[in-house]
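These are the residues of each chain, in order.
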Amino acid sequence: EVHVAESGGGLEQPGGSLRLSCGASGLISGYYTIAWFRQAQGKEREGVLCISSSDGSTYYADSVKGRFFISRDNSKNTVYLQMNSLKSDDAAVYYCAAAEYLSPAACSSPPRQWQYAYWGQGTQVTVSS
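Here the structure is a predicted model, which means the values were calculated and not measured.

**Q** Account for the pattern of salt bridges, naming residues and giving values.
**A** Oppositely charged side chains can pair when the atoms bearing their charge come close. Scanning the model with the defined rule gives 4 salt bridges in all. Note that Lys 65 and Asp 62 form a salt bridge whose closest N and O atoms lie 3.2 Å from each other. Neither residue differs from the other here; Lys 65 and Asp 62 are each classed as exposed. A salt bridge links Arg 67 to Asp 90; the shortest N-O distance between them is 2.7 Å. Here Arg 67 is found in the loop between β6 (58-60) and β7 (68-73), whereas its partner Asp 90 is found in the loop between β8 (78-83) and β9 (92-100), with 23 residues between them in sequence. The class for Arg 67 is buried, based on a relative accessible area of 9%. Taking relative accessible area as the criterion, Asp 90 reaches 1% and is therefore assigned buried. Residues joined in a network through salt bridges with shared partners are Arg 38, Glu 46, Arg 67 and Asp 90.

Next comes the structure, spelled out in C-alpha cells:
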C-alpha cells in the first residue's frame, strides 16, 4: 500500500522561509516520481516541482525557480521542499503526490494532476506580514 503525507506548513512573513516534508512509503525504488502541487484560494491547482527517482530529473516552475529547492533524506524516506524568499503569491495549500512508472522525461515539464495516483492531504502555507 502506498502512503504519502506532507507536513511543515505554517505562517511566515514575506521574505521568510519554510521547509515542507513529504514522507512516502510503499513506492517502488527507482521507479517513482514525487511532485509538489499548490492551490491558492480561488485558483486552480498547479504543479510547481517534481523529481524522478530513476535518473534524478527535476522540474521547477518559473515562479519558484531560484527560491524553492528539493532535497532528499533516503534514510528517512523523506523528500523536503525548502521554500526561501517567500512571497504572498506563494500562499496556498501544498500537496505532495507520487506516481509510479512515470517516464523521467515527464519531470522536465510541469506536473499534471492526472499523472499522480497517490496524494497527501495537503498542508497550508500562509505568507503574511
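**Q** A description of the side chain of Thr 33 should follow, citing residues and the corresponding values.
**A** Its location among the elements puts Thr 33 in strand β4 (residues 32-39). Residue class for Thr 33 comes out buried when judged on its relative accessible area of 1%. Sequence-distant contacts of Thr 33, that is, excluding residues within four places in its chain, are made with Cys 50, Ile 51, Ser 52, Ala 97, Ala 98, Ala 99, Leu 102, Cys 107 and Tyr 116.

**Q** Break down the environment of Asn 77 for me, with residues and values.
**A** Topologically, Asn 77 is positioned in the loop between β7 and β8. Taking the relative accessible area as the measure of exposure, Asn 77 reaches 40% and is therefore partly exposed. Taking C-alpha positions, Asn 77 is 26 Å from Glu 12, a pair spaced 65 residues apart along the chain. Each residue touching Asn 77, except ones within four places of it in the same chain, is listed here: Cys 22, Gly 23, Ala 24 and Ser 25.

Calculation criteria
- Residues numbered from 1 in each chain as written.
- Predicted model: local features only at pLDDT ≥ 70, side-chain atom pairs only at ≥ 80, totals over all residues.
- Heavy atoms only, no water.
- Salt bridge = Lys/Arg side-chain N within 4 Å of Asp/Glu carboxyl O.
- Buried < 20%, exposed > 50% of the residue type's maximum accessible area, 1.4 Å probe, protein only.
- Helix = DSSP H or I, 4+ residues; strand = E, 2+ residues; numbered from the N terminus.
- Contact = heavy atoms within 4.5 Å.

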